[in-house]
Amino acid sequence: MADILVMFASKGDEPSFKKVLDALKKEKASYEFVMASAHKTPDDVDDIITKSNAKVIIAGAGLAAALPGVIAAKTIRPVIGVPCFGNYEGLDALLTIMQMPPAIPVLGVGVDKGAFAAKSAMQILKKHDILTLVGDPNEPAFKKADDLLREFGINHMHSHETSDKGINIVFTRFDEPIEKSDELVIYCPILDKKEDSAEAALNLLKHSDHGLWVGLNNGTNAAIAAIEIMNIDNEYEEKLGEYRREQATKVREYNKQ
């Protein structure tokens with residue numbers, strides 16, 4: 001079975017998925033490409049994910065761009081989401097892919113950055129034992145990630161700079177310069193409530209031209225995504241499954257109330 005599953009929603013996404021496939025072919029990666037839509041062929045999506053043994057999934061779509069998030073809800077494998085260029089310069093797809101609810105992460109790349117998604121998938125396939133949190137430990141998002149990693153028993157360190165070994169979670173504000181990095185970096189954007197506006201989304205569009213991104217102030221998803229990456233050899237399979245079941249139980253309990 002292929003190590004990487006690539007799934008896009010439609011033929012119209014070809015400009016984006018061709019960049020993914022070309023990059024994977026160049027690296028002689030083990031991959032499978034399928035086309036299925038979260039809206040038009042949802043049963044096919046379920047069937048593909050259920051049968052797949054892929055270690056990393058790259059998914060993309062435009063407009064509603066629900067496919068990466070739907071896949072993430074059905075797996076504990078790392079999901080890289082590629083927003084396809086479309087309306088609003090792809091901003092709608094970008095936000096849909098990155099702004100996932102806590103506990104169900106999608107690692108979003110910039111609009112139409114399929115080649116970067118392929119590169120990141122290849123990096124994720126390597127075994128990573130080192131995890132570094134970069135940012136202000138007093139930020140609520142940083143604390144959430146830190147606490148969750150401790151809950152899972154993940155050894156990690158705090159630093160003011162990224163490491164060239166392992167996984168980095170960087171908590172960044174949009175007024176900070178973000179230099180391109182060859183390291184494996186998960187960015188978690190930080191905004192105070194008074195700064196949180198529709199205009200701020202344009203900064204995300206500008207800054208996300210490199211790196212893997214989770215949603216605004218979402219330290220939970222940054223941590224879970226990192227654990228999913230570290231689970232490449234199934235070391236945290238049981239704990240991740242239990243965590244997902246706990247989240248589902250909470251929703252069902254709220255429904256009863």
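One can find the structure itself at the top, above this paragraph.
**So, the pairing of strand β8 (residues 167–173)**
For a regular strand, side chains alternate in direction, first toward one face of the sheet and then toward the other.
Turning to step 1, where the next piece is worked out: By the criterion of burial, β8 is predominantly enclosed, with seven of the seven residues buried.
Turning to step 2, where the next piece is worked out: Alternating positions in β8 separate into two faces, Ile167, Ile169, Phe171 and Arg173 on one and Asn168, Val170 and Thr172 on the other, with burial throughout.
Turning to step 3, where the next piece is worked out: Direction of pairing for strand β6 (residues 131–134) relative to β8: parallel, over a ladder of four bridges. For Leu133, the partnering residue across the bridge sits in β8 and is Ile169.
Turning to step 4, where the next piece is worked out: Bridge analysis of β8 against strand β9 (residues 184–190) gives seven bridges, and the strand direction is parallel. By the bridge assignment for β9, Arg173 is matched with Ile190.

**Details of the nonpolar core**
Turning to step 1, where the next piece is worked out: Core analysis: the biggest nonpolar cluster contains 52 residues, and Ile58, Ile80, Phe171 and Ile186 have the highest contact counts within it.
Turning to step 2, where the next piece is worked out: Looking at this core element by element, the count peaks at eight residues for helix α8 (residues 219–230).
Turning to step 3, where the next piece is worked out: When neighbours within four sequence positions are excluded, Phe171 is seen to be in contact with Leu133, Val134, Gly135, Ala141, Phe142, Ala145, Glu176, Cys188, Ile190 and Gly219.
Turning to step 4, where the next piece is worked out: Ala38, Ala54, Val79 and Met100 belong to the second-largest nonpolar core, a separate cluster that totals 21 residues.

**Structural notes on the side chain of Thr75**
Turning to step 1, where the next piece is worked out: Relative to the assigned elements, Thr75 resides in the loop between α3 (67–72) and β4 (79–83).
Turning to step 2, where the next piece is worked out: Reaching out from Thr75, the side chain makes a polar contact with the backbone nitrogen of Arg77 at a distance of 3.0 Å.
Turning to step 3, where the next piece is worked out: Setting aside chain neighbours within four positions, we find Thr75 in contact with Ile49, Ile57, Glu228 and Arg244.

**Regarding the pattern of salt bridges**
Turning to step 1, where the next piece is worked out: Applying the stated rule across the entire model yields 16 salt bridges.
Turning to step 2, where the next piece is worked out: In this structure, the salt-bridge partner of Arg77 is Glu237, at a minimum N-O distance of 3.5 Å. Taken together, the residues span a long stretch of sequence, with Arg77 in the loop between α3 and β4 and Glu237 in helix α9 (residues 237–256) at a distance of 160 residues.
Turning to step 3, where the next piece is worked out: The salt bridge involving Arg244 is made with Glu228; its shortest N-O contact spans 3.6 Å. Of this pair, Arg244 sits in helix α9 while Glu228 sits in helix α8, and the two are 16 residues apart along the sequence. In this structure, Arg244 and Glu228 share a single accessibility class: buried.
Turning to step 4, where the next piece is worked out: Several salt bridges converge on common partners, so that one network encompasses Lys127, Asp129, Asp233 and Glu235.

Cut-offs applied
- Sequence order sets the numbering: in each chain, residues are counted from 1 along the sequence as written.
- It should be noted that, the model being predicted, local features are given only for residues of pLDDT at least 70 and side-chain atom pairs only at 80 or more, the latter also being counted only at that level, while totals for whole chains, interfaces and linings use all residues.
- Water and hydrogen atoms play no part in the side-chain values, which are based on all heavy atoms of the structure.
- Buried residues are those whose accessible area, probed at 1.4 Å on protein chains only, stays under 20% of the maximum for their type, while exposed residues exceed 50% and partly exposed ones sit between those limits.
- Numbering of helices and strands runs from the N terminus; a helix is a DSSP stretch of H or I covering at least four residues, while a strand is a stretch of E covering at least two.
- A pair of strands is considered paired only if DSSP assigns at least 2 bridges between the two.
- Throughout, nonpolar core names a set of buried Ala, Val, Leu, Ile, Met, Phe, Trp, Tyr and Cys residues whose side chains join them through atoms within 4.5 Å.
- Working rule for contacts: check all heavy atoms of both residues, and any pair within 4.5 Å makes them a contact.
- Whenever two N or O atoms come within 3.5 Å, that pair is a polar contact, provided that in protein one can donate a hydrogen and the other can accept it, and provided that, for residues adjacent in sequence, both atoms are side-chain atoms.
- For this analysis, a salt bridge means a side-chain nitrogen from Lys or Arg found within 4 Å of a carboxyl oxygen belonging to Asp or Glu.

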